[in-house]
Amino acid sequence: MRRPFIAGNWKMHKAPVEADALAESLKRALSEMTAADIAVAPTFLAIPAVVGRLRHSNIGVASQNVAVEAQGAFTGEISAEMLKAAGVQYAIVGHSERRQLFGDTDAVVSKKVQACFRAGLSAILCVGETLPEREAGQVEDVVARQLSAGLADLSADQVSTVTIAYEPVWAIGTGKVATPTQANDVHAYIRSWLGRYPSFVARNVRIQYGGSVKGSNAAGLLSQPEIDGALVGGAALSVEDFTAIVKAAT
Ligand code: PGA
């Protein structure tokens, strides 16, 4: 019913020439895999090369962040409008690295989601708890707070087009993947939280899992009923691993 969606977050890896080469390899490897939506998120600098390389392919391009504002005196920022004009389709918003290292508060994340809608980018909204929050039994509280801030002021129709990425912070880049059941439980909670909107919203919203997804653990996660895809970090830099993950989704 919901089309699987696999996105690769390349983080601060791959200068333009290398990114172009990786995009070319992925384009070949994934050309037959049309049963899932696929996207890659290169650095801003590599976006033009990757957009060009993937133009006639089944792989979309995402940004890893967007500015709040459309234009102006905001040194170092890149707006959703500029990304859209450069051929970007999706934007990752509220990634835990942005939240923890770059001051993206819930209020900022909300404005960035608004910026995506203003510019016509599809938002991938990341939520997830830290290890101390999990140990304190606060997973649902944290995720609910991030969802209500991130989705604030959106219509039900708009919310239904957002992708939510559940990324427990303790599983990101640590090799410590959530078990399929742990992940599915939180996904089920997110879907029940979406029950505050008309029922088509919870039915349509895709919820990706992220945090140490690899070729070897993808099938277990993606076979869970509430897991609609994956947001992949480290393994997205490997053609073999990323291909195995997309395969597991389709
Ligand atoms: P990881 O990162 O797959 O390297 O754990 C996931 C993410 O940060 O989106």
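Since the model is a prediction, treat every value here as computed from it, not as a measurement.

## Brief notes about the nonpolar core
Then, in step 1: Residues Leu151, Ile164, Ile190, Leu194 and Phe242 are the most contacted members of the largest nonpolar core, which totals 71 residues.
Then, in step 2: If we skip the residues at most four places from it in the chain, Leu194 touches Leu151, Val159, Val201, Ala202 and Val205.

## A short note on unusual backbone geometry
Then, in step 1: The phi dihedral of Lys11 is positive, around 50 degrees, even though this residue is not glycine.
Then, in step 2: You can call Lys11 buried: its relative accessible area is 18%.
Then, in step 3: With a phi close to 60 degrees, Ser212 is a non-glycine residue in the positive phi region.
Then, in step 4: Note on placement: Ser212 falls in the loop between strand 7 (206-210) and helix 11 (218-222).

## A word on helix 5 (residues 106-119)
Then, in step 1: Over its 14 residues, helix 5 runs 20 Å from end to end, which matches the ideal 20 Å to within 8%, given 1.5 Å per residue.
Then, in step 2: Among all positions of helix 5, only Asp106, Val109, Ser110, Lys112, Val113, Ala115, Cys116 and Ala119 are buried.
Then, in step 3: Buried residues along helix 5 sit against helix 3 (80-85), strand 4 (90-93), helix 4 (96-101), strand 5 (122-127) and helix 7 (139-150).
Then, in step 4: One or two positions beyond helix 5, positive phi appears at Gly120, with a value near 85 degrees.

## Here's the deal with the site of the ligand
Then, in step 1: Around the ligand sit 13 residues, and of these Lys11, His95, Glu167, Gly173 and Ser212 come closest.
Then, in step 2: Between Glu167 and the ligand, the recorded distance is 2.6 Å, taken from a side-chain N or O atom to an oxygen atom.
Then, in step 3: With the chains in place, 95% of the 280 Å² that the ligand exposes on its own is no longer accessible.

## So, the side chain of Asn217
Then, in step 1: In this fold, Asn217 is placed in the loop between strand 7 and helix 11.
Then, in step 2: Under the relative-accessibility criterion, Asn217 is labelled buried at 16%.

## A few points about the environment of Val201
Then, in step 1: Of note, Val201 is situated in helix 10 (residues 199-204).
Then, in step 2: The contact partners of Val201, leaving out residues within four places of it in the chain, are Ala156, Val159, Ser160 and Leu194.

## Observations regarding the sheet that holds strand 7
Then, in step 1: Pairing is parallel in the closed barrel, where eight strands are placed in the order 1-2-3-4-5-6-7-8. Pairs of neighbouring strands in the sheet enclose a mean axial angle of 25 degrees, with direction left out of account.
Then, in step 2: With four bridges joining them, strand 4 and strand 5 adopt parallel strand pairing. Looking at the pairing, Val93 lines up with Leu125 of strand 5.

Conventions adopted
Residues numbered from 1 in each chain as written. Predicted model: local features only at pLDDT ≥ 70, side-chain atom pairs only at ≥ 80, totals over all residues. Heavy atoms only, no water. Core = buried A, V, L, I, M, F, W, Y, C linked by side-chain atoms within 4.5 Å. Buried < 20%, exposed > 50% of the residue type's maximum accessible area, 1.4 Å probe, protein only. Contact = heavy atoms within 4.5 Å. Helix = DSSP H or I, 4+ residues; strand = E, 2+ residues; numbered from the N terminus. Expected span 1.5 Å × (residues − 1). Near = heavy atom within 4 Å. Polar contact = N/O pair within 3.5 Å; in protein donor to acceptor, adjacent residues only side chain to side chain. Areas by Shrake-Rupley, 256 points an atom, 1.4 Å probe, with all protein chains shown as cover. Pairing = 2+ DSSP bridges. Axes fitted to C-alpha atoms, helices over the stretch in contact; angles between N-to-C directions.

Everything listed here is a matter of geometry and, on its own, says nothing about what the molecule does.
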